[in-house]
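Listed below are the residues making up each chain.
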Amino acid sequence: MTEVGGEEVRSEKPVTYIKAISLRNYSDIEKIKEELKMGNVLIIKITPLAIKNIKEVKNAIDELKAYSQLINGDIARLGEERIVMTPPSIKIWRGKLPS
């Protein structure tokens, strides 16, 4: 709680959203970076760009991996069609569940 004008007011943390985004064009990378800067978790469907140009998808993923490392975020593949990216405050668990 914080005091404002003699009254105690709750200070709330910024909300983190989980957002699904399609990577349709290489230029969508800037939108993805902005969402990560805002602290959001992204599930990115890469199929729309892959249908157009597989080389651009590879370049886009390389750039997103580099950006993720730069901001100390995290990135992982979710099957063939999606990747997940997280801001620095959230890490992706890569362990296995016990059988």
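Located above this text is the structure these notes cover.
Keep in mind that what you see is a predicted model, and the values were worked out from it rather than measured.

Trainee: I'm lost on the overall build of the chain in this one. Help?
Mentor: Tallying secondary structure elements over the chain gives three helices and six strands in all. Tracing the chain from N to C terminus, the helices and strands come up as β-β-β-α-β-α-α-β-β. The buried share among the 99 residues of the chain stands at 31%. In the chain, the proportion of contacts linking residues at least 24 apart, taken out of those at least 6 apart, comes to 46%. Of the roughly 7,200 Å² of accessible surface on the chain, a fraction of 53% belongs to carbon and sulfur atoms.

Trainee: How should I be thinking about the sheet that holds strand E6 (residues 82-86) in this particular structure?
Mentor: Strand-to-strand pairing in sheets goes through backbone hydrogen bonds, with the strands running parallel or antiparallel. A sheet is described by the order of its strands in space; here four strands give the open sequence E3-E4-E6-E5, paired in mixed fashion. Each edge of the open sheet carries a strand with a single partner, namely strand E3 (18-22) and strand E5 (74-78). The sheet shows a mean angle of 20 degrees between the axes of neighbouring strands, direction not considered. Pairing analysis gives four bridges linking strand E4 (residues 41-45) to E6, with the strands arranged antiparallel. In the sheet register, Ile44 faces E6, and the bridge partner there is Ile83. Strands E5 and E6 of the sheet are contacted by helix H3 (residues 54-71), whose axis makes an angle of about 145 degrees with E5.

Trainee: Explanation requested: the environment of Ile51 in the structure shown.
Mentor: Looking at where Ile51 falls in the secondary structure, it is placed in helix H2 (residues 47-52). We classify Ile51 as exposed; its relative accessible area is 69%. In this structure the C-alpha to C-alpha distance between Ile51 and Arg24, which are 27 residues apart in sequence, comes to 9.2 Å.

Trainee: Help me understand the packing of helix H1 (residues 28-37) against H3, please; the structure alone is not making it clear to me.
Mentor: Packed helix pairs are specified by the crossing angle of their axes together with the interaxial distance, meaning the distance between the axes. At their nearest, the axes of H1 and H3 sit 11 Å apart, and the two run at 20 degrees to each other. Between H1 and H3, the angle falls in the class roughly parallel. In this structure, H1 crosses over H3, and the sense of that crossing is right-handed. On H3, the residues touching Ile29, Glu30, Ile32, Lys33, Leu36 and Lys37 of H1 are Ala60, Glu63, Leu64, Tyr67 and Ile71.

Trainee: How should I be thinking about the pattern of salt bridges in this particular structure?
Mentor: Applying the stated criterion across every chain, the model contains seven salt bridges. Taking the shortest distance from any N to any O, the salt bridge between Lys37 and Glu34 comes out at 3.3 Å. Here the residue Lys37 and the residue Glu34 both occupy positions in helix H1, the gap between them amounting to three residues, near one helical turn. According to the relative accessible area criterion, Lys37 is exposed, its value standing at 55%. One salt-bridge network, held together by shared partners, links Glu30, Lys33 and Glu63.

The rules we used
- Residues numbered from 1 in each chain as written.
- Predicted model: local features only at pLDDT ≥ 70, side-chain atom pairs only at ≥ 80, totals over all residues.
- Heavy atoms only, no water.
- Helix = DSSP H or I, 4+ residues; strand = E, 2+ residues; numbered from the N terminus.
- Buried < 20%, exposed > 50% of the residue type's maximum accessible area, 1.4 Å probe, protein only.
- Contact = heavy atoms within 4.5 Å.
- Areas by Shrake-Rupley, 256 points an atom, 1.4 Å probe, with all protein chains shown as cover.
- Pairing = 2+ DSSP bridges.
- Axes fitted to C-alpha atoms, helices over the stretch in contact; angles between N-to-C directions.
- Parallel < 35°, antiparallel > 145°, perpendicular 65-115°, else oblique.
- Left-handed = near helix turned anticlockwise from the far one by under 90°.
- Salt bridge = Lys/Arg side-chain N within 4 Å of Asp/Glu carboxyl O.

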